[in-house]
Amino acid sequence: MSDDKDHINSVDGQEPNAGDLRKVTAKTEAELKAAHDLDKKESLSAYFTILAAGFGLISDGYQNNLMTMSNVIFKQLYPSAYTSIVSTRVSNSLLVGAVLGQVFVGLICDRVGRKVALVSTTLLIVIGATLGTAAHGAHGSAQGLFWFLTIARGITGVGVGGEYPASSTSASEAANETAQKNRGPVFIMVTNFVLSVGGPLAVSVFLIVLSAAGENHLETVWRVCFGIGILLPLTVFFFRLRMLSSKLYRKGAIKRRVPYGLVFKRYWRELIGTCGAWFLYDFVTFPNGVFSGTIISSVIPNGNIKATAEWQLLLGIIALPGVFVGAYLCNRLGRRNTMMLGFSGYLLFGLIIGVAYDQITKIIPLFVIFYGLMQSVGNMGPGDMLGLTSSESYATPIRYVIHDNQMILCKIQIINSGTCYGLSAAIGKTGAAVGTQAFTPIQNNLGKRWTFIIAAICGVTGVLITYFCVPDMTGVDLADEDAKFMKYLADNGWEGEVGEDDEKGILADHHVAEVGSVE
């Protein structure tokens, strides 16, 4: 019996030491592969998690695009009070809130759990949207109204921002468990596709409400549009109260002694890639989305609201096919190459529109088509790939340490994807806030053409950052990648206990039984 026990507590019959942790790969990989073995309840929950992520993110897409036509309405209702400074502040408040949400909810997502993070973000969106719908200024003050909206949109932004890391990492883990070979396309369709659909959806709702209420009741129009933003997140609230966290998360969430230093030491290049590329993408796409209604209104005779909304709807529809092209290419061309192709499209269409701006804007259909194609290639490349690469690039390993003649359960697994995804997306939203803040000054001081020329410059920079810093995880099983990271943690002497309580009990019992059977 002693010989058997010695065999358990050593590797290859030798006394255990730090280096031995790298030799237990076969056993650890077996545990990692078990992440794909789901019972019926877990499998059903995984599918519903993917579906709920789609419904949750479509509400985010709606909120992101809600101000596109609202800016046009506010400009007509309050021409003197709704200055460019006020417009930028109200539009930017969602982005500032999103930055906070992505960082803090990303941490909650990893430390407390996907379920807590998702329920929290849903509640924040509902609260913020409710306050925005009911917004009023003291004694009818327009400035009071816009400050109220700024705060309400900020609260909504925290929820919207938190939805990205919480929904995206949950969708990625669930897709890895249920459709590993098609993880990329599935992830794209329930994240960037539904986010992109939020634009046409917001404009479609606006046109329906405008047709029903009439152009003489614009205040009713914007309040109803804001109110519909309350209903969308409620569609998934009940499910999220009953959902299970993914098996990958339950087998490996580090809730204490998270080795952030080791994480950043190993993944600094990937973080530069995902954070830098996301900053550039959002710097271009968000201001061009938020102010696209204003831009179109400026080139339409008399700035007719309904005509502006109709052209805006066409713009949003033209941008959608890029999502499908990106989903098709992500496995065939690879994540990194597809993202570089998308950034190259910014260079092409940004220069075409920017250089020939005065001529193109005289032909409104041509301008909208080129504008839509620029947004479409953005969706195809960085829009589709950034969320995917950010959720795939950061590991989730499990490790068992056996030493000092005792069985010690030290599951070394980290779901860095929530925190690192949240950080990457937060830097992206910082780019969106900077771009939105700089958009009007660029137009006023350099001319409207320069917003497109700068987009082309961002495209070139994005290609370089992607090529040198973004890893291509096409076809890589997230569980396989974990094995590499566990060796890194073991080599650096990190030990800790991770996993949720139910999963820790299951695994501990399994290994206690193993020891007993040998004895």
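Note that this is a predicted model, so its numbers are computed, not measured. (Residues numbered from 1 in each chain as written. Predicted model: local features only at pLDDT ≥ 70, side-chain atom pairs only at ≥ 80, totals over all residues. Heavy atoms only, no water.)

Enquirer: So what exactly am I meant to see when it comes to the overall build of the protein chain here?
Expert: Counting secondary structure elements, the protein chain contains 22 helices and two strands. Expressed as a percentage of the 519 residues in the protein chain, the buried residues total 59%. Intrachain contacts of the protein chain at a sequence separation of at least 6 include 86% that bridge at least 24 residues. Of the roughly 20100 Å² of accessible surface on the protein chain, a fraction of 64% belongs to carbon and sulfur atoms. (Helix = DSSP H or I, 4+ residues; strand = E, 2+ residues; numbered from the N terminus. Buried < 20%, exposed > 50% of the residue type's maximum accessible area, 1.4 Å probe, protein only. Contact = heavy atoms within 4.5 Å. Areas by Shrake-Rupley, 256 points an atom, 1.4 Å probe, with all protein chains shown as cover.)

Enquirer: Is there a simple way to think about the packing of aromatic side chains in this case?
Expert: The relative placement of two aromatic rings is captured by the distance of their centres and the angle of their planes. On inspection of all chains with the given rule, the structure shows 17 aromatic pairs. Note on F279 and F283: the rings are 6.3 Å apart at their centroids and 15° apart in plane angle, and the pair reads as stacked. Here the residue F279 and the residue F283 both occupy positions in helix 12 (residues 260–290), the gap between them amounting to four residues, near one helical turn. Here the aromatic residues F74, Y78, Y82, F146, W222 and F226 are joined through ring pairs into a cluster of three or more. A cation sits over an aromatic face here: R266 above Y267, 5.6 Å from the ring centre. Between the NZ or CZ atom of R332 and the centre of the ring of Y328, over which it lies, the distance is 4.0 Å. (Phe/Tyr/Trp six-rings, centres within 6.5 Å; stacked < 30°, edge-to-face > 60°. Lys NZ or Arg CZ within 6 Å of the ring centre and 35° of its normal.)

Enquirer: When you look at the pattern of salt bridges in this model, what are you seeing that I'm missing?
Expert: Oppositely charged side chains can form a pair if their charged atoms are brought close together. Tallied over the full model, the rule gives three salt bridges. Note that R223 and E219 form a salt bridge whose closest N and O atoms lie 3.1 Å from each other. Of this pair, R223 and E219 both sit in helix 9 (residues 218–234), separated by four residues, roughly a single helical turn. In this structure, the salt-bridge partner of K429 is D282, at a minimum N-O distance of 3.3 Å. Taken as a pair, K429 in helix 19 (residues 416–446) and D282 in helix 12 lie far apart in primary sequence, 147 residues in all. Looking at K429, the relative accessible area reads 3%, which means it is buried. On the accessibility criterion, D282 (1% relative accessible area) is buried. (Salt bridge = Lys/Arg side-chain N within 4 Å of Asp/Glu carboxyl O.)

Enquirer: It is not clear to me how helix 15 (residues 321–332) should be interpreted in this structure. Could you clarify?
Expert: The periodicity of an α-helix, 3.6 residues per turn, causes residues three or four positions apart to be oriented the same way. Taking 1.5 Å of rise per residue, 12 residues should cover 16 Å, and helix 15 covers 17 Å from first to last C-alpha, within 8% of that figure. Among the residues making up helix 15, those that are buried are G322, V323, G326, A327, L329 and C330. Against helix 7 (183–190), helix 8 (192–213), helix 14 (305–319), helix 16 (335–355) and helix 18 (364–392) lie the buried residues of helix 15. G334, located one to two residues past helix 15, shows a positive phi value of around 100°. (Expected span 1.5 Å × (residues − 1).)

Enquirer: Looking at this structure, I do not really get a nonpolar patch on the surface. What am I missing?
Expert: Taken together, the side chains of L347, L351, V355, V460, L464, Y467 and F468 present a nonpolar region at the surface, about 670 Å² in accessible area. Counting residues per element, the ones that place at least two in the nonpolar patch are helix 16 and helix 20 (449–469). By residue number, the principal contributor to the nonpolar patch is helix 20, which donates four residues. Structurally, L351 can be placed in helix 16. (Patch = residues over 30% accessible without salt bridge, like charges linked within 9 Å, V, L, I, M, F, W, Y side chains within 5 Å.)

Enquirer: Looking at this model, I keep getting lost on unusual backbone geometry. Mind explaining?
Expert: Note: most residues except glycine have negative phi, and most peptide bonds are trans. Even without being glycine, H139 reaches a positive phi, approximately 55°. Looking at the element boundaries, H139 is found in the loop between helix 5 (114–133) and helix 6 (142–178). Looking at H139, the relative accessible area reads 86%, which means it is exposed.

Enquirer: Help me understand the nonpolar core, please; the structure alone is not making it clear to me.
Expert: Among soluble globular proteins, nonpolar side chains are generally buried collectively. Ranked by internal contacts, the top residues of the largest apolar core, which has 42 residues, are F367 and M374. Among the elements that line this core, the one with the most residues is helix 18, at 10 residues. Residue contacts for F367: discarding those within four places in its chain leaves I295, V299, I353, Y357, I360, T361 and F452. By size, the runner-up hydrophobic cluster in this structure holds 32 residues, among which are F74, V205, V209 and L313. (Core = buried A, V, L, I, M, F, W, Y, C linked by side-chain atoms within 4.5 Å.)

Enquirer: When you look at the side chain of S196 in this model, what are you seeing that I'm missing?
Expert: Within the element layout of this structure, S196 appears in helix 8. Polar side-chain contacts of S196 include one of 2.8 Å to the backbone oxygen of N192. (Polar contact = N/O pair within 3.5 Å; in protein donor to acceptor, adjacent residues only side chain to side chain.)

Enquirer: Can you help me understand the environment of A277 in this one?
Expert: As for its placement among the helices and strands, A277 is situated in helix 12. On a C-alpha basis, the gap between A277 and C458 in space is 9.2 Å, while along the polypeptide they are 181 residues apart. Those residues in contact with A277, other than ones at most four positions away along the chain, are I272, M339, F343, L386, I465 and T466.

Enquirer: It is not clear to me how the confidence of the model for the protein chain should be interpreted in this structure. Could you clarify?
Expert: For any part of a model where pLDDT is low, the fine detail of the predicted coordinates should not be relied upon. When pLDDT is averaged across the protein chain, the result is 77; 70% of the residues are at 70 or more. Helix 20 holds the highest mean pLDDT among the elements of the protein chain, 96, whereas strand 2 (residues 406–408) holds the lowest, 29. Contacts for the low-pLDDT stretch residues 498–519, under 50 throughout, to residues beyond four places or in other chains number 43 contacts. (pLDDT = per-residue confidence, 0-100.)

Enquirer: What am I meant to see in the packing of helix 12 against helix 20 here?
Expert: Helices that pack against each other are described as a pair by the angle of their axes relative to one another and the distance between those axes. Where helix 12 contacts helix 20, the axes come no closer than 9 Å and their chain directions differ by 160°. Our classification of the angle between helix 12 and helix 20 gives roughly antiparallel. Here the hand of the crossing between helix 12 and helix 20 comes out left-handed. Between helix 12, through R269, E270, I272, G273, G276, A277, L280, F283, V284 and N288, and helix 20, the contact on the second element is made entirely by F452, I454, A455, C458, T461, G462, I465, T466, F468 and C469. A class-by-class count of the residues in the contact of helix 12 with helix 20 yields 12 nonpolar, six polar and two charged. (Axes fitted to C-alpha atoms, helices over the stretch in contact; angles between N-to-C directions. Parallel < 35°, antiparallel > 145°, perpendicular 65-115°, else oblique. Left-handed = near helix turned anticlockwise from the far one by under 90°. Nonpolar A, V, L, I, M, F, W, Y, C, P; charged D, E, K, R; others polar.)

Enquirer: Explain the packing of helix 16 against helix 18 to me, please; I cannot follow it from the model alone.
Expert: For the pair helix 16 and helix 18, the least separation of the axes is 8 Å and the interaxial angle reads 155°. By the angle between their directions, the pair helix 16 and helix 18 is classed as roughly antiparallel. Taken as a pair, helix 16 and helix 18 cross one another with a handedness that is left-handed. Its residues placed into classes, the contact of helix 16 with helix 18 shows 18 nonpolar, seven polar and two charged.

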